[in-house]
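# Coordinate analysis (summary)
This is what each chain is made of:
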Amino acid sequence: MLVFPCLWWLTVPLLVGYQLARTARRTARRVFPVRPEGLVEDPEVLRVRRVRAWGALVISGLLLAVFGGWHDVWDVQRQVLEWLVFAPWLALLSAVVVVALLFWAARPGTRRAMRTKLWPAGRSALWYFGAWMLVPLLFTAAGKGMGLLPSSANGLSGVLLWVSVMFVCWAPFWWVIFFLCFATGPALRHAFNLSALHPALPALVTTVLVWVLAFRGLSSGGLPPGPVPLAVLAFLGGPASVTALAWWEIHRLRRRHGVGLRG
């Protein structure tokens, strides 16, 4: 007889969590589609980008395994957490700077066309950062809501009251968390749908972002482990390879699709 209450306590949260994740994913894909407007996908560039990402991961792992210690492992974990927190905000700042420069350099006709596409990209960014700012507010509100439960509630009515209050308090918080999980990848990969303004913008924003993140990691954690020449090469190799790949992508956009930076 004890099996059924246990199954109930496991099944209900799983079903509720699945529905929250499903609706959050649907909203995230609507705000940040996998293939946003203006995106020009180059299979060769995507293939080289994947090879570069795996190569960087393998090299970082080898340096950590050969020259690193436990303190370096903790530093890597800390830098990954910092990247998850700061990367979206730094990406927004990088996007604002790059868009302003590209808008200033564009021809008058191109500038007018870009202006009409600016609001949809800005709206998607507002969706994303609005969700980020809701996380601490909803967490605080959920904690205070749970504190309003009467301590004398018991029996079936008390259990139902507790479950209802918990759902009302925590469902919005977890929906926003699921939305951010599904939206972060496409948002950063496509630079908040900025390809609608200009197909080269995601590559340009990525170039600026990797250098900002690299120097921020250098200021907080120092060079990678290993001899100084090898550490400097590893530090510069990541953002330099991303920059070279981005400019190669822009060159192919110009050669294959006639997309220039000014028009």
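We now turn to the structure provided with this report. (Residues numbered from 1 in each chain as written. Predicted model: local features only at pLDDT ≥ 70, side-chain atom pairs only at ≥ 80, totals over all residues. Heavy atoms only, no water.)

### Points about the overall build of the protein
Selection rule: Secondary structure elements are defined from DSSP: runs of H or I of at least 4 residues count as helices, runs of E of at least 2 residues count as strands, and each element is numbered from the N terminus. Only protein chains enter the calculation, and the probe is 1.4 Å; a residue is then buried if its accessible area is under 20% of its type maximum, exposed if over 50%, and partly exposed in between. The criterion used for residue contact is that any of the two residues' heavy atoms lie within 4.5 Å. In this description, accessible areas are obtained by the Shrake-Rupley approach with a 1.4 Å probe, and a residue is regarded as covered only by the protein chains that are shown.
In terms of helices and strands, the protein carries seven helices and zero strands. For the protein, the α and β elements follow one another from N to C terminus as α-α-α-α-α-α-α. A burial count over the protein gives 30% of its 263 residues as buried. Taking as baseline every contact in the protein between residues at least 6 positions apart, the subset at least 24 positions apart corresponds to 83%. For the protein, the accessible area works out to roughly 16100 Å², and carbon and sulfur atoms hold 74% of it.

### Here we look at the packing of aromatic side chains
Geometrically, a pair of aromatic rings is defined through the distance of the ring centres and the angle of the planes. Applicable threshold: In this analysis, rings of Phe, Tyr and Trp, with Trp reduced to its six-membered ring, are considered paired at centre separations within 6.5 Å, and the interplanar angle assigns stacked below 30 degrees, edge-to-face beyond 60, and tilted for intermediate values.
This structure, assessed with the given rule, holds 12 aromatic pairs. For the pair F173 and W174, a centre-to-centre distance of 5.3 Å together with 80° between the ring planes defines the contact as edge-to-face. The exposure class of W174 is partly exposed, given its relative accessible area of 42%. Aromatic side chains W211 and F215 sit 6.1 Å apart centroid to centroid with 25° between the ring planes, which places their arrangement in the stacked category. One end of the pair, W211, and the other, F215, are both in helix α6 (residues 201-221), four residues apart, so they sit about a helical turn from each other. Using a relative accessible area of 27% as the deciding quantity, one classes W211 as partly exposed.

### Here's the deal with the side chain of N193
Applicable threshold: Whenever a nitrogen or oxygen atom comes within 3.5 Å of another N or O atom, the pair is scored as a polar contact, on the condition that within protein one atom can donate a hydrogen and the other can accept it, and that pairs from neighbouring residues in sequence are kept only if both atoms are in side chains.
Tracing the backbone through its elements, the reader meets N193 in the loop between α5 (155-189) and α6. A polar side-chain atom of N193 sits 2.9 Å from the main-chain carbonyl oxygen of V31. In this structure N193 touches V31, F32, P33, P36, A121 and S124, once residues within four positions along its chain are discounted.

### A short note on the pattern of salt bridges
Definition in use: For this analysis, a salt bridge means a side-chain nitrogen from Lys or Arg found within 4 Å of a carboxyl oxygen belonging to Asp or Glu.
All told, the structure shown has two salt bridges when counted by the stated rule. Across the pair R252 and E44 runs a salt bridge whose closest N-O atoms are separated by 3.3 Å. Placement of the pair is R252 in helix α7 (residues 228-257) and E44 in helix α2 (residues 43-67), with a sequence separation of 208 residues. Of the residues examined, R252 reaches a relative accessible area of 5% and is grouped as buried. A salt bridge links R49 to E249, with the nearest nitrogen and oxygen atoms 2.8 Å apart. With a gap of 200 residues between them, R49 in helix α2 and E249 in helix α7 connect regions that are remote in the sequence.

### Observations concerning the environment of R35
Note that R35 resides in the loop between α1 (3-31) and α2. Between the C-alpha atom of R35 and that of P186, which follows or precedes it by 151 residues, the distance is 8.8 Å.

### Considering the packing of α2 against α7
Note the following rule: What counts as an axis is a line fitted to C-alpha atoms, over the stretch in contact for a helix, and the angles between N-to-C directions run from 0 to 180 degrees. Angle categories: roughly parallel below 35 degrees, roughly antiparallel above 145, roughly perpendicular from 65 to 115, and oblique for all the rest. When residue character is reported, Ala, Val, Leu, Ile, Met, Phe, Trp, Tyr, Cys and Pro are called nonpolar, Asp, Glu, Lys and Arg charged, and the others, Gly included, polar.
Contact geometry for α2 and α7: axes closest at 11 Å, N-to-C directions at 175°. Taken together, the axis directions place α2 and α7 in an arrangement best described as roughly antiparallel. The segment α2 lies against α7, with E44, V45, V48, R49, R52, L63 and F67 engaging L230, A234, G238, S241, V242, L245, W248, E249 and R252. Partitioned by chemical class, the residues of the contact of α2 with α7 number nine nonpolar, two polar and five charged.

### Digging into the environment of P186
Summarising the element assignment, P186 is placed in helix α5. Separated by 153 residues in sequence, P186 and P33 place their C-alpha atoms 7.1 Å apart.

### Details of the nonpolar core
In a soluble, globular protein the nonpolar side chains are often hidden away together inside. Stated formally: What we call a nonpolar core is a set of buried Ala, Val, Leu, Ile, Met, Phe, Trp, Tyr and Cys residues that are connected through their side-chain atoms within 4.5 Å.
F32, Y128, V176, F179, L180, A183 and F192 are the most contacted members of the largest nonpolar core, which has 23 residues in total. Taken together, the elements giving at least two residues each to this core come down to α1, α3 (70-105), α4 (108-147), α5 and α6. Ignoring anything within four residues of it in the chain, the contact list for V176 reads A131, V135 and L138. By size, the runner-up hydrophobic cluster in this structure holds 19 residues, among which are V98, M114, A246 and I250.

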